[in-house]
Amino acid sequence: MTTAAPAPPRPQQLRRTRRRKQATLRWIVIAVVMAFFVIPLLSMLYFSVRFPLSGKWTGQAWSNVIHLGSLAAGDPADYGQLWDGLKNSGVLVVFTVVLMVVLLVPTMTWIRLRVRWLARVMEFICLLPLTIPAIVLVVGLAPIYRIVSNLLSTSGIWLCFVYVILVLPFAYRALDAGLGAIDVVTLSEAARSLGAGWGRVMWQVVLPNIRSAVISACFISIALVLGEFTIAELLNRNNLQTGIFLVSQSDGQLAVTMALAALVLVFLLLVVLSLFSGGRRSQEGS
Amino acid sequence: MTTALAAAPAPADRHGRGGRGGRGGRHVMPALGTLPFFGYVAVFLLIPTVIVVVGAFRSTDGSFSLKNLTALGDATVLSAFGQSVILSAVTAVIGAVVGGLLAYVLVTGSPRSVSRRIVTAACSVLAQFGGVMLAFAFQATVGFPGAMVTQLLHSWFGVTGSGSWLYTVTGLMLVYSYFQIPLMVIVFLPAVDGIREQWREAAETLGGSTWVYWRRVAGPLLAPAFLGSTLLLFANAFSAYATAAALITQSNPIVPLQISGAITNEVNVGHADVAKVLALGMVVVVAIVMALYAMLQRRTSRWLG
């Protein structure tokens, strides 16, 4: 210690040089990795506005995406399938999100209130889909979906049942964090003692208090549903991704344009989500 | 379930709150509220899993048999598992190294900096980005002679490429890295965040060089988290199907593609069982990897919670 006495500014100096070195390294690494992320997306954009053989620029593919509905009427085999898949995915998003919220929020709240000993089981089951790949799940789902086809129909919209399972781990984590941040027991006791029924407790007390967690769960579910291909393809159901894949065999440009459009949509959705949740976390931290 | 019921009386029920006190079976009644959820999960998650596992051990007449498992000894299946393991391991290591480095440089900056927020937001988006759209993105980049990067390389350096390598397992390694790197950033960032600058200063005050600091302090602290994240990346790549299916249509070099091949071949007697055996093999691999991950995760939280 005594030998270090004549040089008190040393640690600060060290820190300063280290900071400078780290800043250079930081920008190089970020720039290189970001280039790797951005180039494929730019390539998609480039491909969507240019004919690869003649090299002519065109906005045709983008206008086709916008007018997909009328194109579909003229060509039911290809564009029709894509249009159908797009509509199915739209319905799937709504069904999956509603089903997810209706199944998870009351059950998770109820477990916190009355059946705490089930919390571990619930967590285990909700995280289980992470260890069962979709391609494995689909093998066991074939017989289940044969029954679904008989009871309901062979329409792609019933994929919502299995999509709820796929989003389970992500939705569970978001909702669990939300419920952990509020005092569910006191809130519901207060509401109950004021004469509210259980339905009212869920919809007017618990749900508004975990609104941001529910929104996160919904966003991640939407992104997952819009990008799902494996299960739809192997159960022979039609959704946005299978439609894009089908069209890519006859009209690659439209397929890439459609994929890019879907991607930008999901991208915006998830960026909003992550800024949103990031903002909330820093608020809680301060 | 019944043992758990007997073991843990629901504490919230002590006062018989909620107007249910009059009914019998106090401990069971509240649990009934979770029945819709567990019933749903049973139908769409547990039963399909049981179907796969049971199907893998059942002969054509329905009796228990290990005969199906011989499919795992088949040369093409063995090679598919080998290729899958190589693909997953290589992309896990690439993802872990590049993603780990990115996570580290993000942490050295200010935690509120714009660059950090943008990069983490982008990563959480890109880690979810896979499937057909990702396959198209790389096709448009290097997949054919007129693709953007291929074209640029040609006009700048005179390099010509057909892009056919993209449609092989080697190509998949590049494409998978696209979601592996961001995933690494997301799962590894909390661990790197746990490193205190004071530890480095302590090492420096005691005369340790940067090398000593990394080898003796930061390295051992981060190792479990790094290994655990790598395992998670491995499982992630091992389970991925859509991207590979969209890129490789002529053959089935990896396990997920073999499974889909077996499913679509269902008309051939016995192929459905092959799908189940392959699926079981995948679950076993992923389950082992995830169990190791959970173990390492626990170890990590001891120091870098």
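Residues numbered from 1 in each chain as written. Chains lettered and ligands numbered in written order. Predicted model: local features only at pLDDT ≥ 70, side-chain atom pairs only at ≥ 80, totals over all residues. Heavy atoms only, no water.

S.K.: Just to check I follow, could you spell out the overall build of chain B for this structure?
M.R.: Of the regular secondary structure elements, chain B holds 13 helices and zero strands. Starting at the N terminus, the α and β elements of chain B follow one another as α-α-α-α-α-α-α-α-α-α-α-α-α. A separation of at least 24 residues holds for 67% of the contacts in chain B among residues at least 6 apart in sequence. Of the roughly 14300 Å² that chain B leaves accessible, carbon and sulfur atoms contribute 66%. (Helix = DSSP H or I, 4+ residues; strand = E, 2+ residues; numbered from the N terminus. Contact = heavy atoms within 4.5 Å. Areas by Shrake-Rupley, 256 points an atom, 1.4 Å probe, with all protein chains shown as cover.)

S.K.: I tried to follow the interface of chain A and chain B on my own but got confused; where do I start?
M.R.: When the parts of a complex come together, some accessible area is lost, and that lost area is often taken as the interface size. Contact with chain A, which involves 90 residues of that partner, is made by 86 residues of chain B. Of the roughly 7600 Å² buried where chain A meets chain B, counting both sides, 77% is carbon and sulfur surface. Summed over the three residues of chain A that lose the most area to chain B, namely Phe 37, Arg 114 and Trp 117 of chain A, the buried surface amounts to 10% of that side. Counting every contact that joins chain A to chain B gives zero salt bridges. (Buried area = accessible area lost by both parts, 1.4 Å probe. Salt bridge = Lys/Arg side-chain N within 4 Å of Asp/Glu carboxyl O.)

S.K.: How should helix α5 (residues 119-127) of chain A be read in this particular structure?
M.R.: For an α-helix, 3.6 residues make a turn, and residues three or four places apart therefore share a direction. Taken together, the buried positions of α5 of chain A are occupied by Met 122, Ile 125 and Cys 126 of chain A. The buried side chains of α5 of chain A occupy one side of the element, clustering within an arc of 95° when seen end-on. Seen from the buried face of α5 of chain A, the exposed residues on the opposite side, beyond 90 degrees, are Arg 120 and Phe 124 of chain A. Where the residues of α5 of chain A are buried, they touch α4 (79-113) and α7 (160-180) of chain A together with α3 (35-56) of chain B. (Buried < 20%, exposed > 50% of the residue type's maximum accessible area, 1.4 Å probe, protein only. Arc of directions from axis to C-beta.)

S.K.: Just to check I follow, could you spell out the confidence of the model for chain B for this structure?
M.R.: Parts of the model with low pLDDT should not have their predicted coordinates read in detail. Residue and element names in this part refer to chain B. A residue-level look at chain B finds 88% of positions with pLDDT of 70 or above and a mean pLDDT of 82. Taken together, the stretch residues 1-25 has pLDDT below 50 and engages in 25 contacts with residues farther than four places along the chain or on a different chain. This prediction of the complex comes with two scores: 0.83 for pTM and 0.82 for ipTM. (pLDDT = per-residue confidence, 0-100.)

S.K.: What am I meant to see in the nonpolar core here?
M.R.: Side chains of nonpolar character tend, in soluble globular proteins, to be buried together. Ranked by size, the top nonpolar core spans 184 residues in total, and within it Leu 104 and Leu 175 of chain A together with Ile 259 of chain B carry the most contacts. Ranked by the residues each element gives to this core, the list is headed by helix α8 (residues 169-193) of chain B, at 15 residues. When near neighbours in sequence (up to four residues on either side) are disregarded, Ile 259 of chain B contacts Ile 135 and Val 139 of chain A together with Ala 275, Leu 278, Ala 279 and Met 282 of chain B. (Core = buried A, V, L, I, M, F, W, Y, C linked by side-chain atoms within 4.5 Å.)

S.K.: Sorry, what's going on with a nonpolar patch on the surface here?
M.R.: Residues and elements named next belong to chain A. Among the surface-exposed residues, Val 91, Val 94, Phe 95, Val 98, Val 102 and Trp 203 lie close enough to one another that they form a single nonpolar patch of about 530 Å² accessible area. It is α4 that provides the largest number of residues to the nonpolar patch, a total of five residues. Its place among the elements puts Val 91 in helix α4. (Patch = residues over 30% accessible without salt bridge, like charges linked within 9 Å, V, L, I, M, F, W, Y side chains within 5 Å.)

S.K.: Even after reading the chapter, I still don't get the pattern of salt bridges, so can you show me in this structure?
M.R.: Where charged atoms from two side chains of opposite charge approach closely, those side chains can pair. Under the definition given, this model contains three salt bridges over all chains. With its nearest N and O atoms 2.9 Å apart, the salt bridge here joins Asp 176 of chain A to Arg 112 of chain A. Of this pair, Asp 176 of chain A sits in helix α7 while Arg 112 of chain A sits in helix α4, and the two are 64 residues apart along the sequence. Residue classification places Asp 176 of chain A among the partly exposed residues on the basis of a relative accessible area of 28%. Asp 193 of chain B is paired through a salt bridge with Arg 116 of chain B; the nearest N and O atoms lie 2.8 Å apart. Note that Asp 193 of chain B is positioned in helix α8 and Arg 116 of chain B in helix α5 (residues 114-126), a separation of 77 residues in sequence.

S.K.: Quick question: what am I supposed to make of the packing of aromatic side chains here?
M.R.: Aromatic rings considered in pairs are described by the distance between their centres and by the relative angle of their planes. Taken as a whole, this structure holds 21 aromatic pairs over all chains when the rule is applied. Each ring, one from Trp 110 of chain A and one from Trp 198 of chain A, has its centre 5.0 Å from the other, and the planes form 90°; the classification is edge-to-face. Of this pair, Trp 110 of chain A sits in helix α4 while Trp 198 of chain A sits in helix α9 (residues 198-209), and the two are 88 residues apart along the sequence. You can call Trp 110 of chain A buried: its relative accessible area is 8%. Each residue in the set Phe 95, Tyr 145, Trp 158 and Phe 161 of chain A together with Tyr 40 and Phe 44 of chain B is aromatic and connected to the rest through ring pairs, giving one cluster. We note Arg 50 of chain A situated over the ring of Trp 57 of chain A; from NZ or CZ to the ring centre the distance is 5.8 Å. (Phe/Tyr/Trp six-rings, centres within 6.5 Å; stacked < 30°, edge-to-face > 60°. Lys NZ or Arg CZ within 6 Å of the ring centre and 35° of its normal.)

S.K.: Explain the packing of helix α4 (residues 75-108) of chain B against α8 of chain B to me, please; I cannot follow it from the model alone.
M.R.: When two helices pack together, you describe them by how their axes are tilted relative to each other and by the distance separating the axes. Residue and element names in this part refer to chain B. It is at 6 Å that the axes of α4 and α8 come closest, and there the two elements cross at 40°. By the angle between their directions, the pair α4 and α8 is classed as oblique. Considering the relative orientation of α4 and α8, their crossing is right-handed. (Axes fitted to C-alpha atoms, helices over the stretch in contact; angles between N-to-C directions. Parallel < 35°, antiparallel > 145°, perpendicular 65-115°, else oblique. Left-handed = near helix turned anticlockwise from the far one by under 90°.)

S.K.: For this particular structure, what's the right way to read the environment of Arg 216 of chain B?
M.R.: Residue and element names in this part refer to chain B. Within the fold, Arg 216 resides in helix α10 (residues 210-239). Taking relative accessible area as the criterion, Arg 216 reaches 58% and is therefore assigned exposed. Arg 216 sits 13 residues away from Ala 203 along the chain, and the two C-alpha atoms are 9.2 Å apart.

S.K.: Would you mind going over the packing of α4 of chain B against α10 of chain B with me for this structure?
M.R.: Residue and element names in this part refer to chain B. Interaxial distance between α4 and α10 falls to 8 Å at its minimum, and their mutual angle equals 135°. The orientation of α4 with respect to α10, classified from their angle, is oblique. For the pair α4 and α10, the crossing hand works out as right-handed. Contacts between α4 and α10 pair Phe 81, Ser 84, Val 85, Ser 88, Ala 89, Thr 91, Ala 92, Gly 95, Ala 96, Val 97 and Tyr 104 from the former with Trp 214, Phe 226, Thr 230, Leu 233, Phe 234, Ala 237 and Phe 238 from the latter. A class-by-class count of the residues in the contact of α4 with α10 yields 13 nonpolar, five polar and no charged. (Nonpolar A, V, L, I, M, F, W, Y, C, P; charged D, E, K, R; others polar.)

S.K.: Teacher, can you tell me more about the side chain of Thr 242 of chain A here?
M.R.: Residues and elements named next belong to chain A. Within the secondary structure, Thr 242 sits in helix α12 (residues 240-248). Separated by 2.8 Å, the side chain of Thr 242 and the backbone nitrogen of Asn 239 make a polar contact. Sequence-distant contacts of Thr 242, that is, excluding residues within four places in its chain, are made with Phe 229, Ala 232, Glu 233 and Arg 237. (Polar contact = N/O pair within 3.5 Å; in protein donor to acceptor, adjacent residues only side chain to side chain.)

S.K.: It is not clear to me how the confidence of the model for chain A should be interpreted in this structure. Could you clarify?
M.R.: Summarising the model, chain A shows a mean pLDDT of 84, and 91% of its residues fall at 70 or more. Low pLDDT, under 50, characterises residues 279-286 of chain A; the stretch is placed with four contacts to residues that sit more than four places away or in other chains.

S.K.: I would appreciate a short explanation of unusual backbone geometry in the present structure.
M.R.: Across the chain, the bulk of peptide bonds are trans and the bulk of non-glycine residues have phi less than zero. All names here are of chain A. The phi torsion at Asn 236 lies on the positive side, around 60°, for a residue other than glycine. Among the structural elements, Asn 236 can be located in the loop between α11 (230-234) and α12. The class of Asn 236 is exposed, set by a relative accessible area of 70%.

S.K.: How should the environment of Pro 169 of chain A be read in this particular structure?
M.R.: Residue and element names in this part refer to chain A. You can see Pro 169 is positioned in helix α7. Separated by 40 residues in sequence, Pro 169 and Pro 129 have C-alpha atoms that sit 6.8 Å apart. For Pro 169, the contacting residues outside a window of four places in its chain are Cys 126, Leu 127, Pro 129 and Leu 130.

S.K.: Any chance you could explain the side chain of Ser 43 of chain A here in plain terms?
M.R.: Secondary-structure assignment places Ser 43 of chain A in helix α1 (residues 10-48). Residue Ser 43 of chain A is classed as buried on the basis of its relative accessible area of 0%. Filtering out sequence-adjacent residues up to four positions away, Ser 43 of chain A remains in contact with Ala 137, Ala 140, Thr 141, Met 148 and Val 149 of chain B.

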